[in-house]
Amino acid sequence: SQKIEQNSEALNIQEGKTATLTCNYTNYSPAYLQWYRQDPGRGPVFLLLIRENEKEKRKERLKVTFDTTLKQSLFHITASQPADSATYLCALALGNTPLVFGKGTRLSVIA
Amino acid sequence: DAGVIQSPRHEVTEMGQEVTLRCKPISGHNSLFWYRQTMMRGLELLIYFNNNVPIDDSGMPEDRFSAKMPNASFSTLKIQPSEPRDSAVYFCASNRVKETQYFGPGTRLLVL
């Protein structure tokens, strides 16, 4: 069966460190992958998109990698801040079908 | 742009009652999605529309759930009769086909 796993339900890190979140998938061949941020009581908000032929994408303190051989995406937040505390969701795009979302990782950045 | 608008933001009802959730997508977007989010199951796609036409409703849990999109600026998700296990946050999202999805603030439903 098709499956997306974000390997931690929760991740705690110290302010200033780099947070690394993982998204693994099986039995998919996604055309692209997206990362979303969700704050409590709000809907997910798009952060970054990376396509299957791209290895890495950056936006300010965010970096996403995509390894189609390992079937894995890594999401990095450098110089993390307490304001980065949120749940982060990965989502796969498979052809013409809608996005398939992982359950998310709840990140807490401790001052 | 006001973004995706959902109403109500919170709904508390008793088991057996009918519940109607409403969504106004972003103007110009031609795809609309209804999701349900729970701690146990995460974000699940219930149904989506392209150009007001339902494309895939395989995620709708059972016949108690129905969704309509009578025009490009309005959609409803109805649960009749509601059950306690329907308690969740329901999100509506919209986009232009195959682009980033924009989510509404969600409706928090509690069925007693």
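Each value, and the rule that gives it
Residues numbered from 1 in each chain as written. Chains lettered and ligands numbered in written order. Predicted model: local features only at pLDDT ≥ 70, side-chain atom pairs only at ≥ 80, totals over all residues. Heavy atoms only, no water. Core = buried A, V, L, I, M, F, W, Y, C linked by side-chain atoms within 4.5 Å. Buried < 20%, exposed > 50% of the residue type's maximum accessible area, 1.4 Å probe, protein only. Helix = DSSP H or I, 4+ residues; strand = E, 2+ residues; numbered from the N terminus. Disulfide = S-S within 2.5 Å. Pairing = 2+ DSSP bridges. Axes fitted to C-alpha atoms, helices over the stretch in contact; angles between N-to-C directions. 1 Å grid on protein atoms, 1.4 Å probe; cavity = no way out; pocket = protein on both sides within 12 Å on 5 of 7 lines; lining within 4 Å. Points joined across faces, edges and corners; volume = space filled by probe spheres on them. Nonpolar A, V, L, I, M, F, W, Y, C, P; charged D, E, K, R; others polar.

What am I meant to see in the nonpolar core here?
If you look at soluble globular proteins, the nonpolar side chains tend to sit buried side by side. Core analysis: the biggest nonpolar cluster contains 24 residues, and Trp35(A), Phe75(A) and Tyr88(A) have the highest contact counts within it. Elements represented by at least two residues in this core include exactly strand S3 (19-26), strand S4 (32-38), strand S5 (45-51), strand S7 (62-67), strand S8 (72-77), strand S9 (86-93) and strand S11 (105-110) of chain A. Judged by nonpolar contacts, the second largest core, of 21 residues, contains Val19(B), Leu46(B), Ile47(B) and Cys92(B).

Looking at this model, I keep getting lost on the state of the cysteines. Mind explaining?
Structurally, a disulfide amounts to a covalent bond that connects the sulfur atoms of two cysteines. Across all of its chains, the model carries 2 disulfides over all chains by this definition. Here Cys23(A) pairs with Cys90(A) through a disulfide, and the sulfurs are 2.0 Å apart. Looking down the S-S bond of the Cys23(A) and Cys90(A) bridge, the torsion is 60°, so its handedness is right-handed. With Cys23(A) in strand S3 and Cys90(A) in strand S9, this pair connects stretches of sequence that are 67 residues apart. Each member of the pair, Cys23(A) as well as Cys90(A), is classed as buried. Disulfide pairing places Cys23(B) opposite Cys92(B) at an S-S distance of 1.9 Å. Taking the sign of the S-S torsion, -65° for the link of Cys23(B) and Cys92(B), the bridge is left-handed. A residue pair is termed long-range when its members are at least 10 positions apart, and Cys23(B) in strand S3 (residues 19-24) and Cys92(B) in strand S9 (residues 88-95) qualify at 69 residues. An identical accessibility class is assigned to Cys23(B) and Cys92(B); each is buried.

Is there a simple way to think about the sheet that holds S3(B) in this case?
Hydrogen bonds between backbone atoms are what pair the strands of a sheet, whose relative direction is either parallel or antiparallel. All names here are of chain B. The strand order across the open sheet built from 4 strands is S1-S3-S8-S7, with neighbouring strands paired in antiparallel fashion. In the strand order of this sheet, the two ends are held by strand S1 (5-7) and strand S7 (65-71), each with one partner. Strand-to-strand twist across the sheet, computed as the mean angle between neighbouring axes with direction ignored, equals 15°. By the bridge criterion, 3 bridges tie S1 to S3 in an arrangement that is antiparallel. Bridge pairing in S3 links Gln6 to Cys23.

Would you explain the layout of surface pockets in this entry?
Over the atoms rolls a probe the size of a water molecule, and its path tells where empty space is left. There is about 780 Å³ of room inside the largest pocket. Taken together, 32 residues form the lining of the largest pocket, with Gln38(A), Thr87(A), Lys103(A), Gln37(B) and Met39(B) sitting closest to its centre. Only strand S1 (3-6), S9 and S11 of chain A together with strand S4 (31-38), S9 and strand S11 (107-111) of chain B provide two or more residues apiece to the lining of the largest pocket. No other element matches S11(A), which puts 4 residues into the lining of the largest pocket. Within this model, the second largest pocket holds a volume of roughly 570 Å³. Along the wall of the second largest pocket there are 25 residues; nearest its centre are Tyr28(A), Val100(A), Phe101(A), Leu43(B) and Leu45(B). Those elements giving two or more residues to the lining of the second largest pocket turn out to be S1 and strand S10 (100-101) of chain A together with S4 and strand S5 (42-50) of chain B. Considering every element that reaches the lining of the second largest pocket, the biggest residue donor is S5(B), with 6 residues. Across the lining of the second largest pocket, the residue classes tally to 13 nonpolar, 6 polar and 6 charged.

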